[in-house]
Amino acid sequence: MKKLFAFLVLFVLSISAWAQGGAGSMQANWDESLINTLKQDGRIYIVIVVIAIIVIGLFAYMWRLDRKITRLEKEIRQ
Amino acid sequence: MNKHWWKILALGLLLYTVIAGFLKKIPYFGQNAETTRNVFFHVPMWFGMILLYTVSLVYSILYLRKFNAKHDARAQAFAGIATLFALLGILTGMIWARVAWGSYWNNDPKLIGAALNILIYSAYFVLRQSVKDQDKKGRIAGVYNIFAYFMMFPAIYIIPGMMVSSHPGGEGDEPLMVFKMDPSLRLIFYPAVLGWTLLGVWMANLRWRLEMIKEKL
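Residues numbered from 1 in each chain as written. Chains lettered and ligands numbered in written order. Predicted model: local features only at pLDDT ≥ 70, side-chain atom pairs only at ≥ 80, totals over all residues. Heavy atoms only, no water.

1. A short note on the nonpolar core
Buried together is how nonpolar side chains tend to be arranged in soluble globular proteins.
So, step 1. Core analysis: the biggest nonpolar cluster contains 64 residues, and Phe40, Met49, Tyr53 and Trp196 of chain B have the highest contact counts within it.
So, step 2. Of all the secondary structure elements, the ones that give two or more residues to this core are helix 3 (44-77) of chain A together with helix 1 (5-23), helix 2 (42-66), helix 3 (69-100), helix 4 (109-130), helix 5 (134-162) and helix 6 (183-216) of chain B.
So, step 3. When residues of this core are assigned to their parent elements, the largest contribution, 14 residues, is made by helix 6 of chain B.
So, step 4. The contact partners of Trp196 of chain B, leaving out residues within four places of it in the chain, are Leu14, Phe40, Phe41, Pro44, Met45 and Phe85 of chain B. (Core = buried A, V, L, I, M, F, W, Y, C linked by side-chain atoms within 4.5 Å. Buried < 20%, exposed > 50% of the residue type's maximum accessible area, 1.4 Å probe, protein only. Helix = DSSP H or I, 4+ residues; strand = E, 2+ residues; numbered from the N terminus. Contact = heavy atoms within 4.5 Å.)

2. Thoughts on a positive patch on the surface
So, step 1. Side chains of Arg64, Arg67, Lys68, Arg71, Lys74 and Arg77 of chain A together with Lys3, Lys70 and Lys216 of chain B sit close together on the surface and give a patch of like positive charge.
So, step 2. Its place among the elements puts Arg64 of chain A in helix 3.
So, step 3. Judged by its relative accessible area of 52%, Arg64 of chain A is exposed. (Patch = residues over 30% accessible without salt bridge, like charges linked within 9 Å, V, L, I, M, F, W, Y side chains within 5 Å. Areas by Shrake-Rupley, 256 points an atom, 1.4 Å probe, with all protein chains shown as cover. Salt bridge = Lys/Arg side-chain N within 4 Å of Asp/Glu carboxyl O. Lys, Arg positive; Asp, Glu negative; His and termini not counted. Charge placed at Lys NZ, Arg CZ, Asp CG, Glu CD.)

3. Structural notes on helix 3 of chain B
Residues and elements named next belong to chain B.
So, step 1. In this model helix 3 runs 46 Å from its N-terminal to its C-terminal C-alpha over 32 residues, within 8% of the 46 Å that 1.5 Å per residue would give.
So, step 2. N-capping of helix 3 is provided by Asn68, with a side-chain oxygen placed 3.0 Å from the backbone N of Lys70.
So, step 3. Trailing helix 3 by a residue or two, Gly102 shows a phi angle of about 95°, which is positive. (Expected span 1.5 Å × (residues − 1). Polar contact = N/O pair within 3.5 Å; in protein donor to acceptor, adjacent residues only side chain to side chain.)

4. Looking at the interface of chain A and chain B
So, step 1. On the side of chain B, 19 residues touch chain A, which itself brings 18 residues to the contact.
So, step 2. Across the chain A to chain B interface the summed buried area is about 1900 Å²; carbon plus sulfur atoms make up 87%.
So, step 3. On the chain A side of the interface with chain B, the three residues burying the most area are Phe59, Met62 and Trp63 of chain A, jointly 32% of the side's total.
So, step 4. Linking chain A with chain B are three salt bridges.
So, step 5. Between Asp66 of chain A and Arg209 of chain B there is a salt bridge, with its nearest N and O atoms 3.0 Å apart. (Buried area = accessible area lost by both parts, 1.4 Å probe.)

5. As for unusual backbone geometry
So, step 1. Positive phi, normally seen in glycine, also occurs at Phe67 of chain B, with a value near 55°.
So, step 2. Accessibility expressed as a relative area gives 37% for Phe67 of chain B, which makes it partly exposed.

6. Considering the environment of Ile44 of chain A
So, step 1. Within the secondary structure, Ile44 of chain A is located in helix 3.
So, step 2. Taking the C-alpha atoms as reference points, Ile44 of chain A and Arg64 of chain A, separated by 20 residues in sequence, lie 31 Å from one another.

7. Digging into the packing of aromatic side chains
So, step 1. The full count for this structure, using the stated rule, is 13 aromatic pairs over all chains.
So, step 2. Centroid distance Tyr63 of chain B to Phe67 of chain B: 5.5 Å. Interplanar angle 85°. Geometry classified as edge-to-face.
So, step 3. Of the residues examined, Tyr63 of chain B reaches a relative accessible area of 4% and is grouped as buried.
So, step 4. Measuring from centroid to centroid gives 5.1 Å for Tyr124 of chain B and Phe125 of chain B, while their planes differ by 75°, and the two rings are edge-to-face.
So, step 5. Taking the relative accessible area as the measure of exposure, Phe125 of chain B reaches 22% and is therefore partly exposed.
So, step 6. Cluster of aromatic residues (ring-pair linked, three or more members): Phe59 and Trp63 of chain A together with Trp6 and Trp202 of chain B.
So, step 7. In this arrangement the basic side chain of Arg74 of chain B is found over the ring face of Trp208 of chain B, its NZ or CZ atom lying 4.2 Å from the centre.
So, step 8. The lysine or arginine in question, Arg98 of chain B, covers the ring of Tyr104 of chain B, its NZ or CZ lying 5.8 Å from the ring centre. (Phe/Tyr/Trp six-rings, centres within 6.5 Å; stacked < 30°, edge-to-face > 60°. Lys NZ or Arg CZ within 6 Å of the ring centre and 35° of its normal.)

The values reported here are purely geometric and, on their own, carry no functional implication.
What follows is the structure in structure tokens.
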């Protein structure tokens, strides 16, 4: 689980580094079109992304807490 | 993974609530304008609160029948999270009221009822704190919890329903305004209620498990 998490973090970081490095490449165009999409309709999409990240973060925290309590329960049972 | 499906469902429902709730074109009702979106966030706190207090009631009754400490811990945890939802409902409502009705607290019957309800359940927690013996604590708290639950409905629903209120559902309104809600709002409102409630269930779940661990240490 920890390895998978580390892999995901590194994967996202490397993609963003790659996207920033290749200005004018296809990646940069993709990034630009994404930003332009987000800017439409009074920029409400950006608010949605921000709140969605907070919700996901909240659930990730709940998930970790759940696992920690499960581990404690197992330890006590032994 | 399989027994965790409802946690993933809760995440999905809340993401849907947030995304659809902000993207949706809102039908404007009077001066409410965009604040009608609060229906997806403020109102589910109250619906979730009632559902969580109901779970708490069920566990209190189970405790009084079987005297299993786990049931008492569950009753306490669910009542706690429900009260948190009530406080969040009051706070979000105050902000909305300041804009819609001109003041943070306008002594609307629903507001007084909600405050009364929080006081009624505060007594539940005070009662728990004041009894040392675990067995006695569970019994007294269980009995009081049943009283508290059936005091909640007159406080937040029946009495405000008989009076003139700025809230929907006051005198002259249909008693259950939610069922008259614009169908396009309901499509987001019900998933929102389920999502927030499931998150509350998860929080209560962690709470009572922690309580059981504490007892065994």
